[in-house]
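Survey of secondary and tertiary structure
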Amino acid sequence: MFAIISSYSTSVSWIYEFFDPRMPVIMVAQPDSSGQARIKNILPNWVVTVPFLRNGHECQHMKIFYETGRLRVVMSTANLIDYDWRDVENAVWLQDIPSRIQCNPHDPKITDDFPSIMQHVLRAANVRDALTIMLTHEVCPSPSQR
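Please read these numbers as outputs of a predicted model, since none were measured by experiment.

Notes on the overall build of the chain
Counting secondary structure elements, the chain contains 4 helices and 7 strands. Secondary structure of the chain in N-to-C order comes out as β-α-β-β-β-β-β-α-β-α-α. Here the chain, with 146 residues, has 34% of them falling under the buried criterion. In the chain, 47% of the contacts between residues at least 6 apart in sequence involve partners at least 24 apart. As displayed, the chain has an accessible area near 9600 Å², and 56% of this comes from carbon and sulfur atoms.

Have a look at this one:
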């Protein structure tokens, strides 16, 4: 089981308390004004990945959880900060996606199906590199080493 979370604004100290410390979490964060991609460990089992974004601005509200063969996608209108959940009225959309009974061969010419779009989004959000680091338990290289 692991989680991928993202928000325009995030309070790591606040959101961290909602996760079991043993759960691996990839947090997709906003870039600084340079817009450059980077990856780093911030807490035990937590990796922050920053995708390349021109001018460093974008809004992302992505929460993805994988547990026991199913994918749970959660999208909320709130940021991952305490006062957004405490003081602001918000909405949440949640969808559990069961695993397929059998694998369908992927046709590289088809680019508008759910698996293709999800792969594109996760690659663009720099999640693939963060997941590789998390799965191999590597220490994340510093930005100067990347």
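Let us keep going from here.
Focus on the confidence of the model for the chain
Caution is warranted with low-pLDDT regions, since their predicted coordinates should not be read in detail. Model confidence for the chain is summarised by a mean pLDDT of 80, while 81% of its residues fall at 70 or above. Note on residues 139-146: pLDDT under 50 across the span, and 12 contacts to partners over four residues away in sequence or across chains.

Quick notes on the pairing of strand β3 (residues 38-43)
Where β3 lies against strand β4 (residues 46-50), 5 bridges are found, and the strand directions are antiparallel. Considered in β4, the bridge of lysine 40 is made with valine 48.

Considerations on the nonpolar core
Of all hydrophobic cores here, the largest spans 13 residues; its most connected members are Ile5, Ile15, Phe19, Val25, Met27 and Trp46. Within the residue set of this core, elements represented by two or more residues are β1 (2-6), α1 (12-16), β2 (25-28) and β4. The dominant element in this core, judged by the number of residues it contributes, is β4, at 3 residues. In terms of nonpolar packing, the next biggest core, distinct from the first, is built from 10 residues, Val28, Ile39, Val127 and Met134 among them.

Describing the side chain of serine 6
Along the chain, serine 6 falls in strand β1. The exposure class of serine 6 is buried, given its relative accessible area of 0%. A polar contact of 3.2 Å, which involves the side chain of serine 6, links it to the backbone oxygen of valine 28.

Each value, and the rule that gives it
- Residues numbered from 1 in each chain as written.
- Predicted model: local features only at pLDDT ≥ 70, side-chain atom pairs only at ≥ 80, totals over all residues.
- Heavy atoms only, no water.
- Helix = DSSP H or I, 4+ residues; strand = E, 2+ residues; numbered from the N terminus.
- Buried < 20%, exposed > 50% of the residue type's maximum accessible area, 1.4 Å probe, protein only.
- Contact = heavy atoms within 4.5 Å.
- Areas by Shrake-Rupley, 256 points an atom, 1.4 Å probe, with all protein chains shown as cover.
- pLDDT = per-residue confidence, 0-100.
- Pairing = 2+ DSSP bridges.
- Core = buried A, V, L, I, M, F, W, Y, C linked by side-chain atoms within 4.5 Å.
- Polar contact = N/O pair within 3.5 Å; in protein donor to acceptor, adjacent residues only side chain to side chain.

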